Amino acid sequence: MTDLTAEMTLAGGLGQLCGLIALAFCIAGFANKNDDRLMVLLISANVAFALMFAFFESWTASALTVLVIVRITLARKYQGNWQIMAVMLAVNLVVAWVTWKSRTDIFPLTAAVLGTVGMFMLRGIALRIVLGLAALSWMLNNIVIGSVGGTLAEAMVLVTNIITIIRLYRLQKKYPDLKTDAIVRTQSD
């Protein structure tokens, strides 16, 4: 462990710190029952993630994470609006093209595209499957850049999504006439 910290640059250390701060915001957000506080905490986590990626010089991930903040706000207000989703997807592609450094930038781009489509167009189990795949893409990016906090945060998001998918599936099986997307919307409204 001392070898790891001895070889770490200031930027690398600050990146790790931001990743751990993002992890703390994610834990606080997912533990919170108030949706408005959840959104504030998730936005705060994404600010920390954007800084983390910048410290690790993962510019595509940093820029796309800033767009995640915009997407969270727009998707909540304009859920189902394919025109706004298409604009967000186009902006994601342009930003990725401008900031692209290596083939591993495919991970944040994949996560951004999946997250955008999921948040604008899906609900219930389908939304959580797509957001789980996005979390997996972010986690792979965090592994590649070496972020401990970022990897743990995305692993937590992935596990949380899997647990919620199982809970929604069981609920659907137990009550086949019940629309689980309505339950999810009611619980989050």
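Residues numbered from 1 in each chain as written. Predicted model: local features only at pLDDT ≥ 70, side-chain atom pairs only at ≥ 80, totals over all residues. Heavy atoms only, no water.

### Comments concerning unusual backbone geometry
Move 1: Unlike most non-glycine residues, Glu57 shows phi in positive territory, near 60 degrees.
Move 2: On the secondary structure map, Glu57 appears in the loop between helix H3 (35-55) and helix H4 (59-77).
Move 3: The partly exposed category is assigned to Glu57, whose relative accessible area is 46%. (Helix = DSSP H or I, 4+ residues; strand = E, 2+ residues; numbered from the N terminus. Buried < 20%, exposed > 50% of the residue type's maximum accessible area, 1.4 Å probe, protein only.)

### Some thoughts on the side chain of Asn141
Move 1: Positionally, Asn141 belongs in helix H7 (residues 124-145).
Move 2: Classification of Asn141 as buried rests on a relative accessible area of 1%.
Move 3: For Asn141, the residues in contact, after removing those within four places along its chain, are Phe53, Ser58, Ala61, Thr104, Phe107 and Pro108. (Contact = heavy atoms within 4.5 Å.)

### Description of a nonpolar patch on the surface
Move 1: Taken together, the side chains of Leu10, Leu14, Leu17, Ile21, Val47, Leu51 and Phe55 present a nonpolar region at the surface, about 580 Å² in accessible area.
Move 2: Elements represented by at least two residues in the nonpolar patch include exactly helix H2 (10-31) and H3.
Move 3: It is H2 that provides the largest number of residues to the nonpolar patch, a total of 4 residues. (Patch = residues over 30% accessible without salt bridge, like charges linked within 9 Å, V, L, I, M, F, W, Y side chains within 5 Å. Areas by Shrake-Rupley, 256 points an atom, 1.4 Å probe, with all protein chains shown as cover. Salt bridge = Lys/Arg side-chain N within 4 Å of Asp/Glu carboxyl O.)

### A closer look at the packing of H4 against helix H5 (residues 82-99)
Move 1: H5 packs onto H4 with a crossing angle of 165 degrees between their chain directions and a minimal axis gap of 9 Å. Relative to H5, the element H4 lies roughly antiparallel. For the element pair H4 and H5, the recorded crossing hand is right-handed. Across the interface between the two elements, Trp59, Thr60, Ala63, Leu64, Leu67, Val70, Arg71 and Leu74 of H4 pack against Ile84, Met88, Val91, Asn92, Val95, Ala96 and Thr99 of H5.
Move 2: Residue composition of the contact of H4 with H5, grouped by class: 11 nonpolar, 3 polar and 1 charged. (Axes fitted to C-alpha atoms, helices over the stretch in contact; angles between N-to-C directions. Parallel < 35°, antiparallel > 145°, perpendicular 65-115°, else oblique. Left-handed = near helix turned anticlockwise from the far one by under 90°. Nonpolar A, V, L, I, M, F, W, Y, C, P; charged D, E, K, R; others polar.)

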